[in-house]
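Here's the letter readout for the chains.
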Amino acid sequence: MTLEKLGRVLDRTIERMERRGRCEIAERLREMVRRGEFTALRKWAIAGHLGAQLKAWALHATWLDLPGLPPTAVQGELVERAIAFSDDVVARVSAVYGAGEPPISPRLYVRLVADVAVRRGWSEGAEVAAREGGARWKTWVRVYPVREPRDWHVALEGQTIPERMKFTLPGGPNAGRRVDAPHDWDSVPDPAEWINCGHAVIYTPAATWKDVLRKRGVNRGR
């Protein structure tokens, strides 16, 4: 993905981030790296990731028969995951901007990290809910607005498979790769595959795609 294309993709998220003060973080990023002042960046990364995990848990609570809020022990696990994510963010930012001229502006880089925080947090929160609720199936669905359409992702909409299996990407630059979910950056680290695709995985105890639609009123056409 070229910097120009990345800029176009990420510019569409700037309004939301400006409302949450993330532009200020972007503008200070170089200074923070130089001085080692990562506190603000770490807090922001933890908050974004943890919030997304809790939203994923709440979404799955209905059909996995889970409490609306995670039990205390699970809350601790979600916090630990968010902290681990913030550590990764700080390490990556330091590596990218700590030596020489960075390959991308801090503003664009922070927008990319923001997208990753939300999507990764949602995915990890959903995984924890699946484990706690004994989910046996997972379904590839559209849950976000699609900003970067991918025909091969659309082709997987509604596909339901056992929770431990992987989806096979039917097209695109990573055709044939097997992934746990649309934002499986461990299997496919290239952000061109998953950024702003609009898809995620939901977990169910025993359900078809029609069951999922009936329970939550998910609209495939939005």
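A. Looking closely at empty space enclosed by the protein. Tallied over the entire structure, the rule returns 2 cavities of 30 Å³ or more. Put simply, the largest cavity is a space of about 80 Å³. Along the wall of the largest cavity there are 13 residues; nearest its centre are Trp122, Ser123, Ala181, Ala200 and Val201. Sorting the residues of the lining of the largest cavity by element identifies α6 (106-133) and β5 (199-204) as the ones contributing at least two each. In this structure, the second largest cavity occupies an estimated 30 Å³ of space. Residue lining of the second largest cavity: His153, Leu169, Val179, Ala181, Pro182, Asp184, Val188, Glu193 and Trp194, and that is the complete set. Its residues assigned to classes, the lining of the second largest cavity comprises 6 nonpolar, 1 polar and 2 charged.

B. Quick look at the environment of proline 149. Along the chain, the position of proline 149 falls in the loop between β1 (137-142) and α7 (151-154). Along the primary structure proline 149 and asparagine 196 are separated by 47 residues, whereas in three dimensions their C-alpha atoms are 8.1 Å apart.

C. Region of the structure containing the side chain of glutamine 53. Of note, glutamine 53 is situated in helix α4 (residues 39-61). Once you skip the residues sitting within four places of it in the chain, glutamine 53 turns out to touch Leu78, Arg81, Ala82, Gly121, Trp122, Glu124 and Gly125.

D. Looking closely at unusual backbone geometry. Phi is positive for aspartate 65, which is not a glycine, with a value near 55°. Note on placement: aspartate 65 falls in the loop between α4 and α5 (72-97).

E. View of the pattern of salt bridges. Taken as a whole, this structure holds 10 salt bridges when the rule is applied. The salt bridge partner of glutamate 77 is arginine 81, with a shortest N-O separation of 3.4 Å. Here glutamate 77 pairs with arginine 81, and both are found in helix α5, just 4 residues apart, close to one helical turn. A residue is classified by how much of its surface remains accessible, and arginine 81, at 24% relative accessible area, is partly exposed.

F. The arrangement of the environment of methionine 165 in detail. Examined against the element boundaries, methionine 165 turns out to sit in the loop between β2 (160-162) and β3 (167-168). For the pair methionine 165 and aspartate 180, spaced 15 residues apart in sequence, the C-alpha separation works out to 7.2 Å.

G. Summary view of the pairing of β5. Most of β5 is tucked away, with 6 of its 6 residues classed as buried. The two faces of β5 match: His199, Val201 and Tyr203 on one face and Ala200, Ile202 and Thr204 on the other face are all buried. Judged from the 6 bridges that link them, β1 and β5 form a sheet pairing that is antiparallel. Bridging across to β5, arginine 142 finds its partner in histidine 199.

H. Region of interest: the sheet that holds β2. Ordered by their spatial adjacency, 3 strands build an open sheet running β2-β1-β5, and the pairing between neighbours is antiparallel. Unpaired on one side and paired on the other, β2 and β5 mark the two borders of the sheet. Each strand axis lies, on average, 30° off the axis of its neighbour in the sheet, ignoring direction. Alignment of β1 against β2, held across 3 bridges, turns out to be antiparallel.

I. Looking closely at α4. An ideal rise of 1.5 Å per residue puts 33 Å on 23 residues; α4 measures up with 33 Å between its terminal C-alpha atoms. Within α4, the full set of buried residues consists of Leu41, Trp44, Ala45, Gly48, His49, Ala52, Gln53, Ala56, Trp57, His60 and Ala61.

J. Main features of the confidence of the model for the protein chain. Residues at a pLDDT of 70 or more form 69% of the protein chain, whose mean pLDDT is 76. Note that residues 1-15 has pLDDT below 50 and, in this model, 26 contacts with residues that lie over four places away or in other chains. Counting interchain partners and residues more than four positions distant, the pLDDT-below-50 stretch residues 214-222 has 15 contacts.

K. Up close: the environment of arginine 120. One can find arginine 120 in helix α6. With 63 residues separating them in the primary sequence, arginine 120 and histidine 183 have C-alpha atoms 7.0 Å apart. Those residues in contact with arginine 120 that sit more than four places away from it in its chain are His49, Phe85, Asp88 and Trp185.

Calculation criteria
Just so you know, the residues in each chain are numbered from 1, in the order the chain's sequence is written. For a predicted model such as this one, the threshold for reporting local features is a pLDDT of at least 70, and the threshold for listing and counting side-chain atom pairs is 80 or more; totals across whole chains, interfaces and linings nevertheless cover every residue. Side-chain measures were taken over the full set of non-hydrogen atoms in the model, leaving aside hydrogen atoms and water. Here the term cavity refers to a set of points on a 1 Å grid, laid over the protein atoms alone, in which a 1.4 Å probe fits but cannot get out; the term pocket refers to an open set having protein on both sides within 12 Å along at least five of seven lines, with lining residues being those that place an atom within 4 Å of a point. Grid points are joined across faces, edges and corners, and a volume is the space filled by probe spheres set on the points. Secondary structure elements follow DSSP: runs of H or I of four or more residues count as helices, runs of E of two or more count as strands, with numbering from the N terminus. Residues are grouped as follows: Ala, Val, Leu, Ile, Met, Phe, Trp, Tyr, Cys and Pro are nonpolar; Asp, Glu, Lys and Arg are charged; all remaining types, including Gly, are polar. Here, residues are in contact when the closest pair of their heavy atoms is within 4.5 Å. A carboxyl oxygen of Asp or Glu within 4 Å of a side-chain nitrogen of Lys or Arg is what we treat as a salt bridge. Each residue gets one of three labels from its accessible area relative to the maximum for its type: buried under 20%, exposed over 50%, partly exposed in between, using a 1.4 Å probe on protein chains only. Strand pairing requires that DSSP identify at least two bridges connecting the strands. As a rule, the C-alpha atoms of each element are fitted with a line to give its axis, helices using only the stretch in contact, and angles between N-to-C directions run from 0 to 180 degrees. Helices are assigned an expected span. That span is 1.5 Å times one less than the residue count. Scored from 0 to 100, pLDDT records how confident the predictor is in each individual residue.

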